[in-house]
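Examination of the molecular architecture
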Amino acid sequence: MSGSSQSDGSSVSAHPAAHPAAPEPVREVDCAIVGGGPGGLSAAVCLARMRRSVLVIDDRDGRSLWGQTNRNYLGFPDGIPAAEIRLAGRRQAAGYGTKFLSGRVAAAARDGEAFRLRVEPRVAVSGSETAGRSVNVIRDEDLGRSLGEETAVGRTEIVARTVILATGVRDDFPKFPGWAECVGRSLFWCIACDGYEAIDCVAAVIGHDEEAVETALDLLDFTAEVSIVAGRPEGFDVPDSRLADLANNGIRAYPQAVAEYANVNGQIEALALDDPARTRLPVQKVFVYRRPTPRNEIALELGVALNEFGHIVVDSGQHTNVQGLYAAGDVTSPHDHQVSAAVHEGNQAAAAANYHLYRPVQRAPGKEER
Ligand SMILES: Cc1cc2nc3c(=O)[nH]c(=O)nc-3n(C[C@H](O)[C@H](O)[C@H](O)COP(=O)(O)OP(=O)(O)OC[C@H]3O[C@@H](n4cnc5c(N)ncnc54)[C@H](O)[C@@H]3O)c2cc1C
């Protein structure tokens with residue numbers, strides 16, 4: 001581990017020790033990247049190319065493992081499944097010496113000027129909760145194995161001179177039989193991502209607040225067939241004037257909850273409303289507007305500043321308020337949550353971490369870190 005040459009710390013292993021009771025040796029790296037989605041992998045490629053020892057720790061529970069195809073990411077005229085971006089990014093990062101550890105960072109603390117991370121075994125993905133991404137998870141694991149990824153078992157500790165948090169968010173999609181297969185195929189949250197695919201389709205928005213109303217009105221740029229369903233027994237939580245805006249623009253508004261999302265092989269075909277008549281709305285594309293939950297547990301433990309929605313506050317160089325700690329991707333606050341933004345932020349975070357790792361002589365006299 002030095003400021004100018006790479007040391008990958010591979011003399012120690014995260015595999016089971018010969019005697020299970022013995023604690024794992026501690027591995028030291030220049031940078032531990034928590035999260036192996038587009039944000040974390042972008043950071044890994046950049047830092048590994050700066051000849052830093054880089055360890056990506058990932059528990060395969062991210063947005064980039066759902067079934068969606070990204071069609072707005074530059075360079076892929078036919079679109080590219082998000083899960084493929086991960087595979088390609090992993091191969092690219094490995095080519096420059098990045099190491100991988102499968103597991104969940106469960107705890108973190110300052111260790112002098114460095115950080116100490118405790119990694120626990122990943123919680124196994126299970127049946128219906130993840131049916132829509134189990135194939136992608138398996139492919140991600142297979143590639144990991146072929147690239148020498150280690151698996152956290154028991155107690156694994158990492159000491160890192162810098163840390164990049166690229167932990168993403170968890171979406172709050174409605175849970176119904178078959179829901180996971182629908183995510184990214186007929187169940188979406190973002191018009192910038194998937195509005196185009198709704199052109200001339202029968203679309204419905206599920207949501208009760210202003211953001212849902214805006215989403216419904218924005219969908220009119222793609223299709224004239226738009227409904228909005230409150231999705232809860234309490235109905236809508238917007239002024240009557242906004243309900244009038246919906247009606248005046250040809251959007252049918254239903255204050256009911258949804259009793260059933262009728263779906264086959266990932267395609268939602270109809271919504272049955274929770275009313276005595278079980279009103280049935282045929283649909284092709286469903287957009288749910290519910291604020292996602294940032295995965296900020298590690299950030300909280302390390303005293304990182306968060307905004308009102310729990311996203312990590314960063315500056316344009318992806319510095320957090322904690323020296324040596326950076327953040328990238330959906331877990332941060334400044335940009336729309338897109339693959340392009342995650343990749344950009346990962347790149348920036350890597351540059352900032354690399355600067356932190358420079359020896360004093362490599363910095364211009366008086367030049368601050370940020
Ligand atoms: C249905 C859908 C469609 C989308 N369509 C598009 C689109 O068309 N275009 C577009 O640009 N974007 C799209 N997005 C958004 C895009 O997927 C995200 O912006 C992108 O994945 C963010 O990358 P990330 O690396 O920040 O987070 P993620 O991809 O979520 O990766 C975060 C990783 O961190 C891991 N992690 C979190 N916490 C821990 C921990 N404590 N320990 C270990 N690992 C941890 C997770 O398991 C995960 O693998 C879509 C998203 C969804 C859900």
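**Focus: the overall build of the chain**
- Scanning the chain for helices and strands turns up 10 helices and 20 strands.
- When its C-alpha atoms are laid out on the principal axes, the chain stretches across 70 × 50 × 40 Å.
- Evaluated residue by residue, the chain yields a buried proportion of 52% over its 370 residues.
- Of the contacts formed within the chain by residues at least 6 apart in sequence, a portion of 65% connects residues at least 24 apart.
- For the chain, the exposed surface amounts to about 16500 Å²; the carbon and sulfur share of it is 50%.
- Of the charged side chains in the chain, 37 are positive and 49 negative, and the gap between their average positions amounts to 8 Å.

**Regarding the pairing of strand β6 (residues 104–111)**
- Both β6 and strand β7 (residues 114–120) contribute to a ladder of seven bridges, which runs antiparallel. Opposite R104, over in β7, you have E120 as the bridge partner.
- The turn joining β6 and β7, which pair antiparallel and follow one another in sequence, is formed by two residues; a positive phi near 65 degrees is taken by G112.

**Concerning the environment of A259**
- By the secondary structure assignment, A259 is in strand β15 (residues 258–264).
- If we ignore the near neighbours within four places in the chain, the residues touching A259 are A272, L273, D274 and R278.

**Details of the sheet that holds β15**
- With respect to topology, three strands assemble into an open sheet ordered β15-β16-β17, the strand pairing being antiparallel. One side of each edge strand has no neighbouring strand; the edge strands of this open sheet are β15 and β17 (280–282). Across the sheet, the mean angle from the axis of one strand to that of its neighbour is 25 degrees, orientation sign disregarded.
- Examined bridge by bridge, strand β16 (residues 267–273) and β17 share three bridges and lie antiparallel to one another. Of the residues in β17, the one forming a bridge with A270 is P282.

**Points about the environment of F287**
- Looking at the element boundaries, F287 is found in strand β18 (residues 285–288).
- What makes F287 buried here is its relative accessible area of 0%.
- Along the primary structure F287 and S340 are separated by 53 residues, whereas in three dimensions their C-alpha atoms are 21 Å apart.
- Look past the residues within four positions of F287 in its chain and what remains in contact with it is F188, W189, C190, I191, D194, G195, A198, A204, V205, I206, T215 and L219.

**Points about the site of the ligand**
- The immediate surroundings of the ligand are formed by 37 residues, with D58, D59, D61, S64 and V339 found nearest.
- Interatomic distance of 2.9 Å between a backbone N/O atom of V105 and a nitrogen atom of the ligand.
- Taken by itself the ligand offers 1000 Å² of open surface, and the protein chains cover 99% of this.
- Only α1 (38–49), β2 (54–58), β6, α6 (191–194) and α10 (339–357) provide two or more residues apiece to the shell around the ligand.
- Across the shell around the ligand, the residue classes break down as 10 nonpolar, 16 polar and 11 charged.
- Among the domains, domain 1 (27–171 + 292–362) and domain 2 (179–288) are the pair contributing at least three residues each to the shell around the ligand.

**A word on the nonpolar core**
- Ranked by size, the top nonpolar core spans 26 residues in total, and within it I57, L117, I158, V163 and L165 carry the most contacts.
- Among the secondary structure elements, those contributing two or more residues to this core are β1 (27–34), β2, β6, β7, β9 (156–165), α9 (297–301) and β20 (325–327).
- When residues of this core are assigned to their parent elements, the largest contribution, four residues, is made by β9.
- Beyond its immediate chain neighbours, meaning those up to four positions away, L117 contacts A32, V34, I57, V105, A107, A108, T156, E157, I158 and V163.
- Core analysis: the next-biggest nonpolar cluster, separate from the first, contains 21 residues, W66, C182, V229 and V286 among them.

**Side note on the environment of Y289**
- Its place among the elements puts Y289 in the loop between β18 and β19 (293–294).
- Distance from Y289 to R278, taken between C-alpha atoms, is 23 Å for residues 11 residues apart in sequence.
- Discounting chain neighbours no more than four positions away, the residues touching Y289 are W189, I206, E211, A212 and T215.

**Remarks on the side chain of Q68**
- Positionally, Q68 belongs in the loop between β2 and β3 (69–70).
- Given the relative accessible area of 17%, Q68 is considered buried.
- Other than its neighbours up to four places away in sequence, Q68 contacts R63, P81, A82 and G184.

**Side note on the packing of aromatic side chains**
- Under the defined criterion, the tally for this structure stands at five aromatic pairs.
- Relative to W179, the ring of W66 lies with its centre 5.4 Å away and its plane at 55 degrees, an arrangement referred to as tilted. You can see W66 sitting in the loop between β2 and β3 and its partner W179 sitting in helix α5 (residues 179–182), a full 113 residues away along the chain. The two residues W66 and W179 agree in class, both being buried.
- Considering the side-chain rings of Y73 and F76, the 6.1 Å spacing of their centres and the 15 degrees angle between planes classify their relative orientation as stacked.
- The exposure class of F76 is partly exposed, given its relative accessible area of 34%.
- Just above the ring of W189 sits the side chain of R63; from NZ or CZ to the centre is 4.1 Å.
- When the ring centre of F309 is taken as reference, the NZ or CZ atom of R291 above it lies at 3.7 Å.

Procedures and definitions
- Residues numbered from 1 in each chain as written.
- Predicted model: local features only at pLDDT ≥ 70, side-chain atom pairs only at ≥ 80, totals over all residues.
- Heavy atoms only, no water.
- Helix = DSSP H or I, 4+ residues; strand = E, 2+ residues; numbered from the N terminus.
- Buried < 20%, exposed > 50% of the residue type's maximum accessible area, 1.4 Å probe, protein only.
- Contact = heavy atoms within 4.5 Å.
- Areas by Shrake-Rupley, 256 points an atom, 1.4 Å probe, with all protein chains shown as cover.
- Lys, Arg positive; Asp, Glu negative; His and termini not counted.
- Charge placed at Lys NZ, Arg CZ, Asp CG, Glu CD.
- Pairing = 2+ DSSP bridges.
- Axes fitted to C-alpha atoms, helices over the stretch in contact; angles between N-to-C directions.
- Near = heavy atom within 4 Å.
- Polar contact = N/O pair within 3.5 Å; in protein donor to acceptor, adjacent residues only side chain to side chain.
- Nonpolar A, V, L, I, M, F, W, Y, C, P; charged D, E, K, R; others polar.
- Domains from an automatic or database assignment.
- Core = buried A, V, L, I, M, F, W, Y, C linked by side-chain atoms within 4.5 Å.
- Phe/Tyr/Trp six-rings, centres within 6.5 Å; stacked < 30°, edge-to-face > 60°.
- Lys NZ or Arg CZ within 6 Å of the ring centre and 35° of its normal.

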